[in-house]
Amino acid sequence: MIKKNQRYFNWINRLLDMAVLCMAYCLAVWLWLIRLGHDSGNPALRILTNAPGVLLLASFCFVVVFQYGGMYDSQRFRTLWAELMQLLKLFVLCAALLFGAVFMLKLPFSRGVLSCFTIFGYVLLSLKRVLLRLVLRAARRSGYNQKHMLIVGDGRLAQKYAAAINENPRFGCQCIGYVGSTGWSTAPHLHFTVYKNGSLVNPLSYLP
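This one's a predicted model, so the numbers in the text were calculated from it and none came from an experiment.

A. Spotlight on the packing of aromatic side chains. As enumerated under the stated definition, the model contains 7 aromatic pairs in all. Measuring from centroid to centroid gives 6.2 Å for tyrosine 25 and phenylalanine 117, while their planes differ by 70°, and the two rings are edge-to-face. Of this pair, tyrosine 25 sits in helix 1 (residues 2–35) while phenylalanine 117 is found in helix 5 (residues 111–141), placing the two residues 92 residues apart along the sequence. Both residues of the pair, tyrosine 25 and phenylalanine 117, count as buried. When the ring of phenylalanine 62 is compared with that of phenylalanine 117, the centres are 5.8 Å apart and the planes differ by 85°; the resulting orientation is edge-to-face. Placement of phenylalanine 62 in helix 3 (residues 52–68) and of phenylalanine 117 in helix 5 is noted, with a sequence separation of 55 residues between them. According to the relative accessible area criterion, phenylalanine 62 is buried, its value standing at 6%. Overall, phenylalanine 117 belongs to the buried group, its relative accessible area being 7%.

B. A look at helix 6 (residues 156–167). The terminal C-alpha atoms of helix 6 lie 16 Å apart, and with 12 residues this matches the ideal 16 Å at 1.5 Å per residue to within 8%. Those residues of helix 6 not exposed but buried are Ala158, Ala162 and Ile165. In a view along the axis of helix 6, the buried residues occupy a sector of 60°, so they form one face of it. Away from its buried face, by an angle of more than 90 degrees, helix 6 presents the exposed residues Arg156, Leu157, Gln159, Lys160 and Glu167.

C. Structural detail: helix 3. Helix length check: helix 3 (17 residues) gives 25 Å between terminal C-alpha atoms against 24 Å at 1.5 Å per residue, within 8%. Among the residues of helix 3, those classed as buried are Leu55, Ser59, Phe62, Val63 and Phe66. In an axial view of helix 3, the angular spread of the buried residues amounts to 100°, which keeps them on one side of the axis. Relative to its buried face, helix 3 has exposed residues pointing more than 90 degrees away, namely Leu57 and Tyr68.

D. Looking closely at the packing of helix 3 against helix 4 (residues 80–104). It is the contact of helix 3 with helix 4, at a shortest axis distance of 10 Å, that shows an interaxial angle of 140°. One way to sum up the angle between helix 3 and helix 4 is to call them oblique. Where helix 3 crosses over helix 4, the two elements pack in a sense that is right-handed. Residues Phe62, Val65 and Phe66 of helix 3 form the contact with helix 4, whose participating residues are Leu87, Leu90, Phe91, Leu93, Cys94 and Ala95.

Cut-offs applied
- Residues numbered from 1 in each chain as written.
- Predicted model: local features only at pLDDT ≥ 70, side-chain atom pairs only at ≥ 80, totals over all residues.
- Heavy atoms only, no water.
- Phe/Tyr/Trp six-rings, centres within 6.5 Å; stacked < 30°, edge-to-face > 60°.
- Helix = DSSP H or I, 4+ residues; strand = E, 2+ residues; numbered from the N terminus.
- Buried < 20%, exposed > 50% of the residue type's maximum accessible area, 1.4 Å probe, protein only.
- Expected span 1.5 Å × (residues − 1).
- Arc of directions from axis to C-beta.
- Axes fitted to C-alpha atoms, helices over the stretch in contact; angles between N-to-C directions.
- Parallel < 35°, antiparallel > 145°, perpendicular 65-115°, else oblique.
- Left-handed = near helix turned anticlockwise from the far one by under 90°.
- Contact = heavy atoms within 4.5 Å.

Here it is as structure tokens:
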């Protein structure tokens, strides 16, 4: 179920990125060609009115590069700074390819629009990821989008690991059991417990 939900979430995330990129292009065209009045007859403006499919295709290509760059993998244990730096590298790569294609094909495309799009695109995508992290962390603190972990061993390292998981609910992980031999037990055994909304529940529904 978790993997299925993750796939749905990744598709929504990709579509949101495409929407953000299209928004960034619209802002770039509005600022450079309409607001500042640079060459209002430039093909960059005609793409919006006559060929929006080109914009969607370009956005799709960006998302494909993001996909292979790992931007849609789980960011649960990754710092925001590391995620934004990876996004910057991939976005600069995409922008360089876009500039290179315009230059090689000798298209009369506004460089100002492309420059504005590069800035707006990265800033908007970064803001989207910050907001997404805030929403997901709030959901994990409320008990949603949880990953359940089973620790094998009862040594000091295992205890520290379990404590770190329980003390950081923003990661969305719950230690549901550990294997070890403690107290009056005569052999290693499984201590398996699941809480939901503060109450004990049957853990069998969480097993594959």
